[in-house]
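In case you want the letters, here they are:
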2 protein chains.
Amino acid sequence: MSKIKYELLHVDKYSKARRGRIHTPHGIIETPVFMPVGTNSTVKGLTNDQIKNIDSEIILSNAFHLFLRPGMEIMKDFEGIHNFMNWNKPLLTDSGGFQVFSLKDRKISEEGVLFRSPLDGSKIMMTPEKSMEIQQTIGSDIAMAFDECVNAKWGYEYMKDSVDRTYRWAKRSFEAHKKENQSLFGIVQGGLFSDLRQRSLEQITSIPFDGFALGGLAVGEKYQESEKVLKEFGDKLPKDKPRYIMGIGSPTMMFLSVENGMDMFDCVLPTRMGRHGTALTWNGKLNLKSAKNKFDHSPIENDCNCYACKNHTRGYINHLLKRDEMLGKTLISIHNLYFNIHLIHKMREAIENDSFLDFKKEFFSNSSYPLQN
Amino acid sequence: MSKIKYELLHVDKYSKARRGRIHTPHGIIETPVFMPVGTNSTVKGLTNDQIKNIDSEIILSNAFHLFLRPGMEIMKDFEGIHNFMNWNKPLLTDSGGFQVFSLKDRKISEEGVLFRSPLDGSKIMMTPEKSMEIQQTIGSDIAMAFDECVNAKWGYEYMKDSVDRTYRWAKRSFEAHKKENQSLFGIVQGGLFSDLRQRSLEQITSIPFDGFALGGLAVGEKYQESEKVLKEFGDKLPKDKPRYIMGIGSPTMMFLSVENGMDMFDCVLPTRMGRHGTALTWNGKLNLKSAKNKFDHSPIENDCNCYACKNHTRGYINHLLKRDEMLGKTLISIHNLYFNIHLIHKMREAIENDSFLDFKKEFFSNSSYPLQN
């Protein structure tokens, strides 16, 4: 099999939540799915065995970061990221659109984005064609089209031009993409403007991509704003292709996204919070740096089957964090990724039983996570 | 069984190298043995599973550091370090002698050492009785007597007084130690002065400790100086008890120590070098930060069975180090500890076959480690 194949298994009776399955060159992904982020071809602090032990089905890496380091010469020499990092399961790369637009001192033209390398200041031109070349070299199972990720503050007129440019770049991405055993997803932009989202959705879905993403969310907007976009457009994405919302990873946003028909999510939140000493639990967030954990003999979470909870106490982890020991960061990162992945597993079960909304209600009534944030 | 029991299995025909076995409350240690250091009740960067997977039979922790943090209130509450860090195999604590004497602003008296806490500047009095109390609370399988670790530059007269004080402290340590399921080792001092080493050896071995250590070496002296002490005194330590030389972990010093009848070693070198990007191999040291590894598809070491070598290339590890990713440090630390532990395994085999000196010759002719350093 060369491209991914999506099966829609079931839609929840009382919401738009979908239960699906994606077949990829490196194995099957059940959906909805949370994808741990391995920016530099490593999920921070975890070995591949530890990633597999938390039942991760797919990880995400960043074309932009890998382009800078280790660089494409090395990626070619190793024949792609799977060999390079010895990861034999599915992997998705994002196109660099988001990263490039986070840089200061960039210049956008019809051709692409000119920016200075954060490494050595040299000028680099990133184009849809270049991004496809990079992602094909990296050899991810799923590549993303090169888009313009826009700050909503730049206003309607800019966003309208940008949406049209993202469409032209999407067509160029699609045309430049040749790799047989790699799929390509298009990205719908349009910020918080309904008509521009609609315009972008029509444009992007007119191209026969293998899947579609909502981009330009989770960039600092209010909950109500992303909710509005998701409610209006989540289920307008093609039903027969995977639907990916980029940069989403909090329980609140994952529930909102699944409820509105999205299938795939990625976020650095579980590992970043882990490195900073905060655990995600079924009751809410837990600050393990707090002195109240010092004498606590219980695991981060009772009944959790992750390595950290099966082996270590809050008191021990509190001590590790105070001494800034790597193991503390690793243990909480393992737990947090396990939590996100297994929360999604529970969502899958609920969808299969047409009880997604009940499960959501139960989850928020038993935890301190905000239903809206 | 409450105390350790030592069995001398075999002595090499052509050297003083010994093959032995120590029975402890938490299992058997074959000797000679290298003990990974877990200063803060964690071997830096490794999970307990990873420590066990490199075939570590015993780890070392530091009474002084644990006394400061997490502190004895927590250690009591968790009923000792085995529970606290969930380590169910043998563990040795050093007494704090070395750490206390590394501090500036300390005052030595007959009673003990008065120093300021590096945490909050408060005054702390460390005595033999206090060190025993701390180590009994920690609950290590093997505790060490509280000694004075002296800078050789302080001269003969100071060293002579110190040797006698260390003897009085050793007697006080022995008298204060009451814990049934914990053994206590004495420490021979005397610096580089033969007559004072002899004096200390006679004094310390007159006390019925469960084992004996050579202290005050590996503190910056020349190879020839430590060689002289080891050749003269290594095999003078009682034959029916384990012999431990503190702070030793380089191949050069481990060979020298085993050849002269020592059984146990500890050193932060493998993990510290690992965190700084240097691997220990059978050919010599390997700087994995060096650009020449960028395109190298081979593991750190061919034929090595550690997790790092079984799964990853030098090129990938080089990339991880450049990005300062935790995984790079963890992988090399795993390899380096595996190397030290399995080098000792090979020494054991050689002793059993009366070929220790041949093995030593072969090792140094095939590697760039200095025979003397």
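Residues take numbers from 1 onward in each chain, read along the sequence in its written order. The naming scheme follows written order: chains are lettered A onward, ligands numbered 1 onward. At least 70 in pLDDT is required for a residue's local features to be given in this predicted model, at least 80 for side-chain atom pairs to be given and counted, and no such filter applies to totals for whole chains, interfaces and linings, which use all residues. Derived side-chain values reflect all non-hydrogen atoms in the structure, with water molecules and hydrogen atoms excluded from consideration.

1. A few points about the overall build of chain A
Turning to step 1, where the next piece is worked out: Runs of E in the DSSP output that reach at least two residues are strands. Runs of H or I that reach at least four are helices, and both are numbered from the N terminus. On a plain count of helices and strands, chain A comes out with 15 helices and 16 strands.
Turning to step 2, where the next piece is worked out: The globule rule puts the C-alpha radius of gyration for 373 residues at 21 Å, and the 20 Å found for chain A is close to it.
Turning to step 3, where the next piece is worked out: With the principal axes as the frame, chain A shows a C-alpha extent of 60 × 50 × 45 Å.
Turning to step 4, where the next piece is worked out: Any residue under 20% of the maximum accessible area for its type is buried, any over 50% is exposed, and the rest in between are partly exposed; the area is computed with a 1.4 Å probe on protein chains only. In chain A, which comprises 373 residues, the proportion classed as buried is 61%.
Turning to step 5, where the next piece is worked out: Note on contacts: a residue pair is in contact if any heavy atoms of the two residues lie within 4.5 Å. Counting only contacts in chain A whose residues sit at least 6 apart along the sequence, the fraction spanning at least 24 positions is 67%.
Turning to step 6, where the next piece is worked out: Per-residue and other accessible areas were derived by the Shrake-Rupley procedure at a 1.4 Å probe size, with only the shown protein chains allowed to occlude residues. Here chain A has roughly 14,200 Å² of accessible surface; of this, 48% comes from carbon and sulfur atoms. In this setup the radius of gyration rests on C-alpha atoms only. A globule is expected at 2.2 Å times the number of residues raised to 0.38.

2. Thoughts on the UniProt feature "active site" (unreviewed entry) in chain A
Residues and elements named next belong to chain A.
Turning to step 1, where the next piece is worked out: Mapped onto this numbering, the UniProt entry annotates "active site" (unreviewed entry) at Asp-94 and Asp-266. A stretch of 173 residues holds the annotated residues, and the largest C-alpha distance among them is 10.3 Å, short enough that they meet in one place.
Turning to step 2, where the next piece is worked out: One can find Asp-94 in strand β6 (residues 91-94).
Turning to step 3, where the next piece is worked out: The residues contacting Asp-94, other than those within four sequence positions of it, are Ser-61, Asn-62, Ala-63, Gln-99, Gln-135, Met-144 and Met-246.
Turning to step 4, where the next piece is worked out: For Asp-266, the location among the structural elements is in strand β14 (residues 264-267).
Turning to step 5, where the next piece is worked out: Leaving out residues up to four positions away in the same chain, Asp-266 has contacts with Phe-34, Met-35, Val-37, Leu-60, Tyr-244, Ile-245, Met-246, Gly-247, Ile-248 and Gly-249. UniProt positions are given in the numbering used here, feature names are shortened, and annotations may be inferred rather than shown by experiment.

3. Re the relation of the copies chain A and chain B
Turning to step 1, where the next piece is worked out: Copy-to-copy alignment: least squares on C-alpha atoms, limited to residues at pLDDT 70 or above in both. Overlaying chain A on chain B yields an RMSD of 0.0 Å, the required transformation being a rotation through 180 degrees with an accompanying axial translation of 0.0 Å. The relationship between the two copies is best expressed as a two-fold rotation axis. No C-alpha of chain A lies nearer the rotation axis than that of Met-326 of chain A, which sits 3.7 Å from it.
Turning to step 2, where the next piece is worked out: Counting the interface residues of chain A, we find that 100% of their copies in chain B are interface residues as well, pointing to one common contact surface.

4. Describing the packing of aromatic side chains
Turning to step 1, where the next piece is worked out: Centres within 6.5 Å make a pair out of two Phe, Tyr or Trp rings, where for Trp the six-membered ring is used; the pair is then stacked when the planes are under 30 degrees apart, edge-to-face when over 60, and tilted otherwise. Inspection of every chain in the model, using the stated rule, returns 36 aromatic pairs over all chains.
Turning to step 2, where the next piece is worked out: The interplanar angle of 70 degrees and the centroid separation of 5.6 Å between the aromatic rings of Trp-282 of chain A and Phe-339 of chain A together place this pair among those described as edge-to-face. Residue Trp-282 of chain A is found in the loop between β15 (278-281) and β16 (284-287), and its partner Phe-339 of chain A is found in helix α14 (residues 326-352); the two are separated by 57 residues along the sequence.
Turning to step 3, where the next piece is worked out: Consider the rings of Phe-255 of chain B and Phe-356 of chain B, whose centres lie 5.8 Å apart with planes at 45 degrees: the pair is tilted. One end of the pair, Phe-255 of chain B, is in helix α10 (residues 251-259); the other, Phe-356 of chain B, is in helix α15 (residues 356-366), and 101 residues separate them in sequence.
Turning to step 4, where the next piece is worked out: What makes Phe-356 of chain B buried here is its relative accessible area of 0%.
Turning to step 5, where the next piece is worked out: Taken together, Phe-255, Trp-282, Phe-339, Phe-356, Phe-359, Phe-363, Phe-364 and Tyr-369 of chain A form an aromatic cluster joined through their ring pairs.
Turning to step 6, where the next piece is worked out: Sitting over the face of the ring of Tyr-167 of chain B, Lys-171 of chain B holds its NZ or CZ atom 4.1 Å from the ring centroid. Should the NZ of a Lys or the CZ of an Arg lie within 6 Å of a ring centre and within 35 degrees of the ring normal, that charge is described as sitting over the ring.

5. A closer look at the environment of Ser-2 of chain B
Residue and element names in this part refer to chain B.
Turning to step 1, where the next piece is worked out: Position of Ser-2 relative to the elements: it lies in the segment before β1 (5-11).
Turning to step 2, where the next piece is worked out: Taking C-alpha positions, Ser-2 is 21 Å from Phe-146, a pair spaced 144 residues apart along the chain.
Turning to step 3, where the next piece is worked out: Other than its neighbours up to four places away in sequence, Ser-2 contacts Pro-25, Glu-180, Asn-181 and Gln-182.

6. Some words on the sheet that holds strand β3 (residues 27-31) of chain B
All names here are of chain B.
Turning to step 1, where the next piece is worked out: Strand pairing is assigned whenever DSSP identifies at least 2 bridges connecting the two strands. Read across the open sheet, the three strands follow the order β1-β2-β3; overall the sheet is antiparallel. Where the open sheet ends on each side, the last strands, each with one partner, are β1 and β3. Going from strand to strand, the sheet's axes swing by 15 degrees on average, the running direction of each strand aside.
Turning to step 2, where the next piece is worked out: Across five bridges, the pairing between strand β2 (residues 18-24) and β3 is antiparallel. Opposite Ile-22, over in β3, you have Ile-29 as the bridge partner.
Turning to step 3, where the next piece is worked out: Helix axes use the C-alpha atoms of the stretch in contact, all axes being lines fitted to C-alpha atoms, and the angles between their N-to-C directions lie in the range 0 to 180 degrees. Running over the sheet, helix α14 (residues 326-352) touches β1, β2 and β3 and is turned about 120 degrees from β2.

7. Observations regarding the UniProt feature "binding site: Zn(2+)" (unreviewed entry) in chain A
Residue and element names in this part refer to chain A.
Turning to step 1, where the next piece is worked out: Per the UniProt entry, the sites bearing "binding site: Zn(2+)" (unreviewed entry) are Cys-304, Cys-306, Cys-309 and His-335 in this numbering. Over a stretch of 32 residues, the named residues converge on one spot in the fold, their C-alpha atoms separated by at most 8.5 Å.
Turning to step 2, where the next piece is worked out: Summarising the element assignment, Cys-304 is placed in the loop between β16 and α12 (307-311).
Turning to step 3, where the next piece is worked out: For Cys-304, a relative accessible area of 11% gives the class buried.
Turning to step 4, where the next piece is worked out: Ignoring any residue separated from it by four or fewer positions in sequence, one finds Cys-304 in contact with Cys-309, Lys-310, His-335 and Tyr-338.

8. Topic: the interface of chain A and chain B
Turning to step 1, where the next piece is worked out: Counting from both sides, the interface comprises 40 residues of chain A and, opposite them, 40 residues of chain B.
Turning to step 2, where the next piece is worked out: The salt bridge definition used is simple: a Lys or Arg side-chain nitrogen within 4 Å of an Asp or Glu carboxyl oxygen. Counting every contact that joins chain A to chain B gives two salt bridges.
Turning to step 3, where the next piece is worked out: A salt bridge links Lys-44 of chain B to Glu-325 of chain A, with the shortest nitrogen-to-oxygen separation between them at 2.6 Å.
Turning to step 4, where the next piece is worked out: Contributing elements (two or more residues each) for the side of chain A that touches chain B: α1 (48-53), α3 (72-77), α4 (81-85), α12, α13 (314-322) and α14 of chain A.
Turning to step 5, where the next piece is worked out: At five residues, α13 of chain A tops the list of elements feeding residues into the side of chain A that touches chain B.
Turning to step 6, where the next piece is worked out: A class-by-class count of the residues in the side of chain A that touches chain B yields 12 nonpolar, 16 polar and 12 charged. All amino acids are sorted into three groups, where Ala, Val, Leu, Ile, Met, Phe, Trp, Tyr, Cys and Pro are nonpolar, Asp, Glu, Lys and Arg are charged, and the leftover types, Gly among them, are polar.

9. Some remarks on helix α8 (residues 194-205) of chain B
All names here are of chain B.
Turning to step 1, where the next piece is worked out: A helix is expected to reach a length of 1.5 Å times the quantity of its residues less one. For α8, which comprises 12 residues, the first-to-last C-alpha distance of 16 Å matches the rise-based estimate of 16 Å (1.5 Å per residue) to within 8%.
Turning to step 2, where the next piece is worked out: Residues Leu-196, Arg-197, Ser-200, Leu-201, Gln-203 and Ile-204 constitute the buried set of α8. The buried residues of α8 occupy an angular sector of 170 degrees when the element is viewed end-on, so they sit on one face. Working note: the arc is built from the helix axis to C-beta atom directions.

10. What to know about the environment of Tyr-223 of chain A
Residue and element names in this part refer to chain A.
Turning to step 1, where the next piece is worked out: One can find Tyr-223 in helix α9 (residues 223-233).
Turning to step 2, where the next piece is worked out: Considering only alpha carbons, one finds Tyr-223 and Met-132, 91 residues apart in sequence, at a separation of 33 Å.
Turning to step 3, where the next piece is worked out: Not counting residues up to four positions away in its chain, the partners in contact with Tyr-223 are Thr-252, Met-253, Leu-256, Leu-371, Gln-372 and Asn-373.

11. A short note on the sheet that holds strand β9 (residues 123-126) of chain B
Turning to step 1, where the next piece is worked out: In spatial order, the strands read β7-β8-β9 (chain B); together these three strands make up an open sheet with antiparallel pairing. Each end of this open sheet is capped by a strand with a single partner; those strands are β7 (107-108) and β9 of chain B.

12. With respect to the pattern of salt bridges
Residues and elements named next belong to chain A.
Turning to step 1, where the next piece is worked out: All chains considered together, the criterion is met by 34 salt bridges over all chains.
Turning to step 2, where the next piece is worked out: A salt bridge links Glu-110 to Arg-168, with the shortest nitrogen-to-oxygen separation between them at 2.6 Å. Pair noted here: Glu-110 is in the loop between β7 (107-108) and β8 (113-116) and Arg-168 is in helix α7 (residues 155-176), with a separation of 58 residues, a long-range link.
Turning to step 3, where the next piece is worked out: According to the relative accessible area criterion, Glu-110 is partly exposed, its value standing at 38%.
Turning to step 4, where the next piece is worked out: Taken together, the shared-partner salt bridges connect Arg-19, Arg-21, Glu-30 and Glu-352 into one network.

13. Details of the side chain of Asp-266 of chain A
Turning to step 1, where the next piece is worked out: Charge assignment: positive for Lys and Arg, negative for Asp and Glu; neither His nor the chain ends contribute. One buried charged residue, Asp-266 of chain A, remains without a salt bridge, the closest side chain of opposite sign being Arg-272 of chain A at 10 Å.
Turning to step 2, where the next piece is worked out: Any pair of N or O atoms that falls within 3.5 Å is considered a polar contact. Within protein, one atom must be able to donate a hydrogen and the other to accept it, and sequence-neighbouring residues count only if both atoms are side-chain atoms. A distance of 2.8 Å separates the side chain of Asp-266 of chain A from the side chain of Tyr-244 of chain A, its partner in a polar contact.

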